[in-house]
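Summary of the model geometry
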Amino acid sequence: MQEPKLLIRKAMVNIQGKMRPLIQVQASIDPVMHARLTEHFLNENLFKRSAYATGFPTGVPTPSASLQPHLNNFIKSDACPEIAVKTILAGQVYQGLSVWEMKAFEYVAQRGFDALCDFMKTVAELGTETVYAPEASDFAAFTLDTAAEIASLPASIVPGLEVVADAA
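From a predicted model like this one, the values you see are computed outputs, not experimental measurements. (Residues numbered from 1 in each chain as written. Predicted model: local features only at pLDDT ≥ 70, side-chain atom pairs only at ≥ 80, totals over all residues. Heavy atoms only, no water.)

Moving on: the overall build of the protein chain. Of the regular secondary structure elements, the protein chain holds five helices and five strands. Buried positions account for 26% of the 168 residues belonging to the protein chain. Across the protein chain, contacts joining residues at least 24 apart in sequence account for 73% of those joining residues at least 6 apart. A total of about 11300 Å² of accessible surface is found on the protein chain, and carbon and sulfur atoms cover 56% of it. (Helix = DSSP H or I, 4+ residues; strand = E, 2+ residues; numbered from the N terminus. Buried < 20%, exposed > 50% of the residue type's maximum accessible area, 1.4 Å probe, protein only. Contact = heavy atoms within 4.5 Å. Areas by Shrake-Rupley, 256 points an atom, 1.4 Å probe, with all protein chains shown as cover.)

The structure is reproduced here in C-alpha cells:
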C-alpha cells in the first residue's frame, strides 16, 4: 500500500509579460484507493472556503504569524479555489498575484489533503463492520451514576421500579 503524499511544485512563470508565482498540488495515493475514489467520490469537497470564513477549527495547524493576514484575505476573496477529490487527484494549479497568495494556497491545499486522508480512512472501511464501545472506565462511571440517580428517586415517581444491587 502506497503512503499518501501531496506533491507541491512552485515556480515563477512569465504570464503576459509579468512574472507570476504559480503553484501546483497533486495527491499521490494508492492506486486501489485512487480507483475507488474516482469511481464514487470525485465531487466530494475537501476544502470549501465558506466553511473557513470565520477561521480554522481547533486542531488545524496554525499558520505562521507572517502568513496569517494573507491567509485571512485569501480565504475571504473569490480568488480562493475550492478543493475537491477530483481536483487534488488530477493536480490543481493556482496562479497567484504574489508569493504570499501562493503560500496561502499551499496552506489551503495542505488542509484539503488532510481532509482527503481522513476521508480515505472512511472509504477504506466501506463494506466492513466496525464496533464502537466507550472506554471501560467511562461506561462504569456512567452505570454507577445512573444507578445512584435511580436509587435516589422516590418510589412514587417510578412505581414498580426495583433497584437490584450489582453482584460485582
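A negative phi holds for most residues other than glycine; trans holds for most peptide bonds. Backbone geometry places Gln 16, a non-glycine residue, at a positive phi of 50°. Relative to the helices and strands, Gln 16 is located in the loop between β1 (5–15) and β2 (18–28). Given a relative accessible area of 81%, Gln 16 falls into the exposed group.

Spatial strand order, β1-β2-β5: three strands in an open sheet with antiparallel pairing. Two strands close off the open sheet at either side, each with one partner strand: β1 and β5 (92–95). Neighbour-to-neighbour, the strand axes of this sheet turn through a mean angle of 20°, independent of strand direction. Pairing of β2 with β5 involves four bridges; the strand directions are antiparallel. Bridging across to β5, Leu 22 finds its partner in Gln 95. (Pairing = 2+ DSSP bridges. Axes fitted to C-alpha atoms, helices over the stretch in contact; angles between N-to-C directions.)

Positionally, Gln 92 belongs in strand β5. When its relative accessible area of 9% is taken as the criterion, Gln 92 is described as buried. A polar atom in the side chain of Gln 92 sits 3.2 Å from the backbone oxygen of Glu 82. The contacts of Gln 92, once residues within four sequence positions are left out, are Ile 23, Gln 24, Val 25, Pro 81, Glu 82, Ile 83, Thr 87 and Phe 105. (Polar contact = N/O pair within 3.5 Å; in protein donor to acceptor, adjacent residues only side chain to side chain.)

It is the contact of helix α2 (residues 68–76) with helix α4 (residues 99–125), at a shortest axis distance of 9 Å, that shows an interaxial angle of 75°. Taken together, α2 and α4 sit at an angle that is classed as roughly perpendicular. Within the contact between the two elements, α2 uses His 70, Leu 71, Phe 74 and Ile 75 and α4 uses Trp 100, Glu 101, Ala 104, Phe 105, Tyr 107 and Val 108. Grouping the constituent residues of the contact of α2 with α4 by class yields eight nonpolar, one polar and one charged. (Parallel < 35°, antiparallel > 145°, perpendicular 65-115°, else oblique. Nonpolar A, V, L, I, M, F, W, Y, C, P; charged D, E, K, R; others polar.)

Right, let's talk about the pattern of salt bridges for a bit. One pass over the full model with this rule turns up three salt bridges. We note a salt bridge from Lys 10 to Glu 106, for which the minimum N-O separation is 2.8 Å. Of this pair, Lys 10 sits in strand β1 while Glu 106 sits in helix α4, and the two are 96 residues apart along the sequence. (Salt bridge = Lys/Arg side-chain N within 4 Å of Asp/Glu carboxyl O.)

Attention now moves to the environment of Ile 88. Structurally, the position occupied by Ile 88 is in helix α3 (residues 85–90). By relative accessible area, Ile 88 is classed as buried at 0%. Once the C-alpha coordinates of Ile 88 and Leu 6 are considered, the two residues, 82 residues apart in sequence, prove to be 8.7 Å apart.

In terms of nonpolar packing, the biggest core is built from 30 residues, with Ile 29, Leu 37, Ile 88 and Leu 116 touching the most fellow members. Looking at this core, the elements with two or more residues in it are β2, α1 (31–40), β3 (45–47), α2, α3 and α4. For this core, the element with the highest residue contribution is α4, accounting for 10 residues. In contact with Ile 88, not counting residues within four places along its chain, are Leu 6, Val 25, Gln 26, Ala 27, Leu 46, Ile 83, Ala 109, Gly 112, Phe 113 and Leu 116. (Core = buried A, V, L, I, M, F, W, Y, C linked by side-chain atoms within 4.5 Å.)

Scope: geometric values only; no functional claims are made or implied.
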